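# Structural features, examined
These are the residues of each chain, in order.
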Amino acid sequence: DISSSLRPGILDKLGIAAAIQWLARDMETRTGIKFNVICSPEDIVLDDDYTTALFRIFQEAATNIIRHSGADEVIINLKVAENAVLLIVLDNGRGISDEDLYRADSFGIKGMRERVLSFQGTFSIMNNDNEGTVIKVSLPLKRVK
């Protein structure tokens, strides 16, 4: 279970979209929280580093939602647009507080941010007008070396 959750074989066999859908279904079954996954295109092909990073970011986001949000629904949008891959995760929970955004022990948020920055991408997490939390990740398809 541990090695599968770190890098499941589905990433190599079917790609990032299928892996995110697999993890979303697994979490939905275990928690009762509804996970709606939208991928465009459905067969996004990225290199191994990108697929692993996006999978781990989604895994951390979903874990935080389950632990802290009180949400009963999550929308995940993974798409390729204008030379970037975008991952948007939106929940309908209580919303993240400003205090939680900057806590010294928010290792999950720090980890997501650092993973995105290692790809010269952008990361944001914010309260969605007290109607949940939205996480936005953008990774350029061509990294600057």
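Below is a short write-up of the structure. Keep in mind that this is a model prediction, so the values were computed, not measured. (Residues numbered from 1 in each chain as written. Predicted model: local features only at pLDDT ≥ 70, side-chain atom pairs only at ≥ 80, totals over all residues. Heavy atoms only, no water.)

## Points about the pattern of salt bridges
- This model, assessed by the stated rule, comprises 3 salt bridges.
- A salt bridge links E28 to R25; the nearest nitrogen and oxygen atoms lie 3.2 Å apart. In this pair, E28 and R25 both sit in helix α3 (residues 16-31), 3 residues apart, roughly one turn of the helix.
- Across the salt bridge formed by D26 and R30, the nearest N and O atoms sit 3.1 Å from each other. In this pair, D26 and R30 both sit in helix α3, 4 residues apart, roughly one turn of the helix.
- A relative accessible area of 30% means that D26 is categorised as partly exposed.
- Among the charged side chains, a network of salt bridges with common partners joins R25, E28 and K34. (Salt bridge = Lys/Arg side-chain N within 4 Å of Asp/Glu carboxyl O. Helix = DSSP H or I, 4+ residues; strand = E, 2+ residues; numbered from the N terminus. Buried < 20%, exposed > 50% of the residue type's maximum accessible area, 1.4 Å probe, protein only.)

## Digging into the nonpolar core
- In terms of nonpolar packing, the biggest core is built from 41 residues, with F58 and L87 touching the most fellow members.
- Of all the secondary structure elements, the ones that give two or more residues to this core are α3, β1 (34-40), α4 (48-69), β2 (73-81), β3 (84-91), α6 (107-117), β4 (122-127) and β5 (133-140).
- Those residues within four positions of F58 in sequence are excluded, and the remaining contacts are I20, L23, A24, F35, I76, L87 and V89. (Core = buried A, V, L, I, M, F, W, Y, C linked by side-chain atoms within 4.5 Å. Contact = heavy atoms within 4.5 Å.)

## What to know about the packing of α4 against α6
- Running from N to C, α4 and α6 point in directions that differ by 160 degrees, and their axes come no closer than 10 Å. With respect to each other, α4 and α6 are oriented roughly antiparallel. For the element pair α4 and α6, the recorded crossing hand is left-handed. Across the interface between the two elements, A53, R56, I57, E60, A61 and N64 of α4 pack against G108, I109, M112, R115 and V116 of α6. (Axes fitted to C-alpha atoms, helices over the stretch in contact; angles between N-to-C directions. Parallel < 35°, antiparallel > 145°, perpendicular 65-115°, else oblique. Left-handed = near helix turned anticlockwise from the far one by under 90°.)

Keep in mind that these numbers describe shape and distance, not what the molecule does.
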